[in-house]
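Chain and residue survey
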Amino acid sequence: MTDTSPHLVAPRPKDVFRMAPGQREHWVALRALLSVGAPLLVLWSIDRVDLAPFVVFPAFAAVFGRRHGHRHRVRLQAIVAATQVASLLLGALVPVLEAGPWATVAGASVLAFGMSLLGDRVRWTPVGPMFQVFGFVTLAAAPVTVESLGWGAVAAAGTAAWVLVLALVWALVRRAARARGAVDPLRAPAAPRPDASRMWGDAVTYTVAVAIAGTVPTLLGIGHVGWAMVAAIAGLAAPTVFHRVLRATQRLFGTLVGLGVAALMVLLQPTGVWTMLLVILLTGLIELVVTRNYSLALIPITPLVVLMGQLMNPSAPPWPMITDRLIETVIGIAVAVIVALTVDAIRRARTRRVEAG
């Protein structure tokens, strides 16, 4: 994540809305649908939709390593699934122990540091600790009890196992296809492991951003402080300062449109299996567009987050949640941009000192 751009170039409208070429995203979307769909329908069938986050976040492991060989992808997904389960359980301890929002901020900051180092070491893609921190803060804000934590742990572990079964089956199917002479032109080797200074620099950058993004809304008394921290991480998960500012800008535009979609869904008041089907559908839509344009991905991500909040706590009013989502996103992307510019300025100053010496 080290910045390599010679100077900051502010994103232009065509940069924000440019569509990357398609790379058969429908296969990744299909794996995501299967990974999240089956566990959610099981929860619905046993009337435990309150456990939805415990299965949604481990299911996200299915999108990792999408362009790598099958062996590397299965290994990555196993590691990510394990970290997702651990992050969820740690986050759930916050409400169980009644630790409060500052425990969420501290826990998310420490988690961001550790998951950044691990992610760089094993070279998972998408890069960064966003998924782990997202799971942690979601459960930290949920009405989790000791009973739901126990069943949630079972659901999370079961979903992680299901994701790995799908990954292995997919690997066998593709191996059989290659044996028949089929080739995969989009298959890419794993990225080289970053050097130690870059790994530590990434970890510190994420940690500082998460701590600031969590502290600001906590001091202001705004709910759902985790969303600001996730937005800050998402904005920094890019290789250059230009791309960091670009991702932050795209997140703002996508969230604004997504909030409109979320408001429409709230007005429609979906219940029961319809809510589950919407969550599954939105998960697939995210994977269809996220690698082509990040702004587009935020349009289904935003209502997905609101729907999950409703599943966890049906009695909570949805409109404050939508307002908090907007405020928290603005705080998070502002922190991401400020941290990105600061890191770039420090790097430039260090380079000038080296050249002068």
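Figured I'd write up the structure that's included with this text. None of these values were measured; they are calculated from a predicted model.

What counts, and where the lines are drawn
Residues numbered from 1 in each chain as written. Predicted model: local features only at pLDDT ≥ 70, side-chain atom pairs only at ≥ 80, totals over all residues. Heavy atoms only, no water. Core = buried A, V, L, I, M, F, W, Y, C linked by side-chain atoms within 4.5 Å. Buried < 20%, exposed > 50% of the residue type's maximum accessible area, 1.4 Å probe, protein only. Helix = DSSP H or I, 4+ residues; strand = E, 2+ residues; numbered from the N terminus. Contact = heavy atoms within 4.5 Å. Phe/Tyr/Trp six-rings, centres within 6.5 Å; stacked < 30°, edge-to-face > 60°. Lys NZ or Arg CZ within 6 Å of the ring centre and 35° of its normal.

Quick word on the nonpolar core
Of all hydrophobic cores here, the largest spans 89 residues; its most connected members are Leu40 and Val137. Among the elements that make up this core, the one with the highest residue count is helix α12 (residues 294-312) (eleven residues). Residues contacting leucine 40, with those up to four places away along its chain left out, are Ala52, Val55, Val56, Met276, Val279 and Ile280.

A closer look at the packing of aromatic side chains
Going through the model one piece at a time under the given rule, you end up with eight aromatic pairs. With centroids separated by 6.1 Å and ring planes inclined at 80°, the aromatic side chains of phenylalanine 64 and tryptophan 124 adopt a geometry described as edge-to-face. Taken together, the residues phenylalanine 64 in the loop between α3 (52-59) and α4 (70-96) and tryptophan 124 in the loop between α5 (101-122) and α6 (130-140) connect sequence positions 60 residues apart. Their ring planes at 65° and their centres at 5.2 Å tell us that phenylalanine 64 and phenylalanine 131 sit as a pair that is edge-to-face. Of the two residues, phenylalanine 64 is situated in the loop between α3 and α4 and phenylalanine 131 in helix α6; the sequence distance between them amounts to 67 residues. Assessed through its relative accessible area of 0%, phenylalanine 64 is described here as buried. Among the residues examined, phenylalanine 131 registers a relative accessible area of 13% and is labelled buried. Of the aromatic side chains, those joined through ring pairs into one cluster are Phe57, Phe60, Phe64, Trp124, Phe131 and Phe134. Just above the ring of tryptophan 227 sits the side chain of arginine 325; from NZ or CZ to the centre is 5.4 Å.

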